[in-house]
Amino acid sequence: MKNKNTTIYDHNYNEFFGFGQQSFKFNLMDYKIPENDPVFTLKKVMEELDFTKLLSAYSSVGRRPYNPIMMFALLLYGNMRRKMSIDDIVYACQMDLGFIYLAQGQTPKRDAFYNFKNNKVSQETLDDLHYQFMRKLKEKGLITLEVLYVDGTKIEANANRYTFVWRGTLNAHLIKLLDDIQSLYERYNEFIVENEYDVTYGILPETMFIVEGADKVKKVVLENKKRKRVNKKKLPHNIHLEIDNIGPQSIVKIKAILEKLAHKEAIEFKYGKGQRKSELQRIYEAFHKYGSRLEKYKENFEVMGDDRNSFSKTDIDATFMRMKDDHMMNGQLKPGYNLQHGIENEFITDIYISNDRTDYATLIPLLTKHELMTGVQLKEVTADSGYCSEENLRFCIENGIDPYIKLQEHERKKTRKYHQDIGKHYNMERLEKLDEDGNVYYEYKCHYGRSLKLTHKSTSHKRGFKQEFEHYECTSCEGCPLKKDCFYNYNEEKYKDRNKTMTINQKWEELKAVSDKNIHSERGILNRQIRSIQAEGSFGDMKHNDDFARFNTRGHEKVYKETMFYVFGRNIIKYHRFKTEELKPYEGKLIQ
């Protein structure tokens, strides 16, 4: 007789495992999705968007594809549910009621999703749909599009960590290559003259091409070799060299001459073990080898451009940057992208992705894109000191935007040392004077009562931006008892007969004063609170809560799409939480 417990065990076991693959017919409403599920908010949002630009990527001829709007909804819902992998979404379309509801029972496979993301949805389409949603949020009173809280972070690229190409290393290899090519040119000319080919066939000697700036790099490379012997710090040699088409073309020309010469002289090129090559063949093969290397360096410089000094071989759009997440604790550089967010009332209104290692050059493109896509004039922008530059502040003020941007010396200004440094112009008395033509100029009076007068002016251009500087010099520092406190790193022997000099950018100082006044106002304090909570908090959500710390795709275009789908999904979740009153607009802390 069987034990009762054994019978129950067999029954439960057979009941679950005893049936094979079966199909079930059921009404979806019997397995009801909760009424407050974000899937219904997503459906409602998408009903209000115009998908004309997306649908225009499809042809009316041929096999009918999956509904593009449905595919877009599935990808968005996947990002809302933290299912960013295509394989996870494919599986969810078979098992998850929310996905089944959006797919209407269809089960698109991974190829369909990859084709949709890579070939059908463009950056322009994503931007169009995103900013349509932003304008809808403005109509509902959730955002104004007139203020922006900006922050940035670095996201690791989907590239191998040790596939770096450095400008400095390229420069050093190029200098060695140019020396070898110079020797080869001399060898070629000697070969032509010795065999009297110049007389017989009229072949003229060749002069080697020039790479502008190579001499400067060569001096640095030689100096670094000396420094290495005595364990001194190396000089940087990230000088921008450009290889034009003249170099590779001249090598191709010489190779063609040698080929014709071999044909006329009946010189056969030999290959394989035990075969003795002629001098002509050796010179030809050396030109071929050096020409290939020169072409490779040329391509690397073109990939790098003028704005960066490195790239990754597995993702050429990624630049090596210093990440906060340093698993080896040695300041290791990793390939990555610089992601910028513009936030208002918890919503990410704008993004900008670049390969800049710093934030200085990212603010203007972000603000320009915002006004271009929304058609709304910005009134305020709040950012941290990483965005504080003369170019950025001038852009804001000239375009009617109030800058609430921390100064680079924001924290130092709170210290006693900052205000007691008598060698700085901001701790000296500034005297405003008029010249003969009625133009205003300045003089400074040091703490010992001596004048520092304007000696000359200079300008500099960086990235097409012009800066103007004024240079001041003390009339005489002889016998000044404060000299050691006034000069930076004072050395009595070195500075004994020198006068105090200062270089000041007056326009930059005026712009900093405007931004500094703004951030210390009551409005500025509130803006800094909001930025630290919402802009910085969005990256906390992204990296730690949503595990979006590394891209899954390669190349700037695909990386942008991946980020945009995430941002769109996140914004819909935020909108859903506002609708269900889980979130309320941040009003700031009371200032005592």
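Provided above is the structure to which this section pertains.
The following paragraphs examine the structure supplied in this document. (Residues numbered from 1 in each chain as written. Predicted model: local features only at pLDDT ≥ 70, side-chain atom pairs only at ≥ 80, totals over all residues. Heavy atoms only, no water.)

So, about the overall build of the protein. Along the protein, the regular secondary structure elements total 21 helices and 13 strands. In summary, the protein has a C-alpha radius of gyration of 33 Å against a globular reference of 25 Å for 592 residues, an excess of more than 25%. When the 592 residues of the protein are sorted by exposure, 42% land in the buried category. Excluding contacts between residues fewer than 6 apart, the proportion of contacts in the protein whose partners are at least 24 apart in sequence is 66%. Of the roughly 34,900 Å² of accessible surface on the protein, a fraction of 48% belongs to carbon and sulfur atoms. (Helix = DSSP H or I, 4+ residues; strand = E, 2+ residues; numbered from the N terminus. Rg over C-alpha atoms; globule rule 2.2 N^0.38 Å. Buried < 20%, exposed > 50% of the residue type's maximum accessible area, 1.4 Å probe, protein only. Contact = heavy atoms within 4.5 Å. Areas by Shrake-Rupley, 256 points an atom, 1.4 Å probe, with all protein chains shown as cover.)

This part covers the sheet that holds strand 9 (residues 429-434). If you trace the five strands from one edge of the open sheet to the other, you get 9-10-11-12-13, paired in antiparallel fashion. Because the sheet does not close on itself, it has two edges, and the strands there are strand 9 and strand 13 (501-504). Shown here is a sheet whose adjacent strand axes are inclined to one another by a mean of 35°, direction ignored. (Pairing = 2+ DSSP bridges. Axes fitted to C-alpha atoms, helices over the stretch in contact; angles between N-to-C directions.)

It is worth spelling out the nonpolar core at this point. One finds Leu-42, Phe-72, Phe-113 and Phe-133 to be the most contacted residues of the largest nonpolar core, which totals 68 residues. Take this core: its biggest share by element is ten residues, from helix 21 (residues 556-579). Apart from the residues lying within four places of it in its own chain, the contact partners of Phe-133 are Val-45, Leu-49, Phe-568, Asn-571, Ile-572 and Tyr-575. In this structure, Leu-177, Leu-184, Leu-258 and Tyr-284 belong to the second largest nonpolar core, which totals 39 residues. (Core = buried A, V, L, I, M, F, W, Y, C linked by side-chain atoms within 4.5 Å.)

Buried residues of helix 15 (residues 390-398): Glu-390, Asn-392, Leu-393, Arg-394 and Cys-396, and no others. In this fold, the buried residues of helix 15 make contact with helix 14 (363-374), strand 7 (380-383), strand 8 (402-405), strand 12 (465-474) and helix 19 (506-519). Backbone geometry just after helix 15 places Gly-400 at a positive phi near 70°.

Our next topic: the packing of aromatic side chains. Tallied over the entire structure, the rule returns 25 aromatic pairs. Residues Phe-133 and Tyr-575 carry aromatic rings whose centres are separated by 6.0 Å and whose planes lie at 80° to one another, so their mutual orientation is edge-to-face. With Phe-133 in helix 8 (residues 123-139) and Tyr-575 in helix 21, this pair connects stretches of sequence that are 442 residues apart. The pair formed by Phe-133 and Tyr-575 is uniform in burial state, with each residue classed as buried. Taken together, Phe-51, Phe-72, Phe-133, Phe-565, Phe-568 and Tyr-575 form an aromatic cluster joined through their ring pairs. (Phe/Tyr/Trp six-rings, centres within 6.5 Å; stacked < 30°, edge-to-face > 60°.)

Scanning the entire structure with this criterion turns up 29 salt bridges. For Glu-48, the salt bridge is made with Lys-140, and the minimal N-O distance between the two is 3.9 Å. In this pair, Glu-48 is assigned in the loop between helix 2 (38-47) and helix 3 (52-55) and Lys-140 in the loop between helix 8 and strand 1 (147-156), connecting sequence segments 92 residues apart. We classify Glu-48 as partly exposed; its relative accessible area is 31%. In this structure, a network of salt bridges that share partners links the residues Asp-151, Arg-531 and Glu-536. (Salt bridge = Lys/Arg side-chain N within 4 Å of Asp/Glu carboxyl O.)

Negative charge collects at one region of the surface, where Glu-212, Glu-242, Asp-244, Asp-306 and Asp-307 lie side by side. Locating Asp-306 in the fold gives a position in the loop between helix 13 (279-304) and strand 3 (310-312). Look at Asp-306 and you get exposed, because its relative accessible area is 63%. (Patch = residues over 30% accessible without salt bridge, like charges linked within 9 Å, V, L, I, M, F, W, Y side chains within 5 Å. Lys, Arg positive; Asp, Glu negative; His and termini not counted. Charge placed at Lys NZ, Arg CZ, Asp CG, Glu CD.)

With that settled, consider the state of the cysteines. Disulfides are covalent bonds that link the sulfur atoms of two cysteine residues. Within this structure, the stated rule accounts for zero disulfides. Free cysteine Cys-396: the closest other cysteine sulfur is in Cys-388, separated by 10 Å. Judged by its relative accessible area of 0%, Cys-396 falls in the buried class. (Disulfide = S-S within 2.5 Å.)

Turning our attention to the side chain of Lys-117. Residue placement: Lys-117 occurs in helix 7 (residues 110-120). For the buried Lys-117, no salt bridge exists, and the shortest N-O distance to an oppositely charged side chain is 6.0 Å, to Glu-562. Excluding residues that lie within four positions of it along the chain, Lys-117 makes contacts with Leu-75, Ile-86, Lys-561 and Phe-565.

Moving on to helix 20 (residues 522-545). Over its 24 residues, helix 20 runs 32 Å from end to end, which matches the ideal 34 Å to within 8%, given 1.5 Å per residue. The sharpest bend along helix 20 comes to roughly 30°, located at Gly-537. Turning to helix 20, its buried residues are Gly-524, Asn-527, Gln-529, Ile-530, Arg-531, Gln-534, Ala-535, Ser-538, Phe-539 and Met-542. If you follow the buried residues of helix 20, they end up packed against strand 1, strand 5 (333-344), strand 7, strand 8, helix 19 and helix 21. (Expected span 1.5 Å × (residues − 1). Bend = angle between axes of the 7 residues up to and from the residue.)

With that settled, consider the pairing of strand 12. The pairing of strand 11 (residues 451-462) with strand 12 spans ten bridges and is antiparallel. Among the inter-strand pairings, Lys-462 is bridged to a residue of strand 12, identified as Phe-465. The turn linking strand 11 back onto strand 12 is made up of two residues, and Arg-463 within it adopts a positive phi angle of 55°. Examined bridge by bridge, strand 12 and strand 13 share four bridges and lie antiparallel to one another. If you follow His-471 over to strand 13, its bridge partner there is Thr-503.

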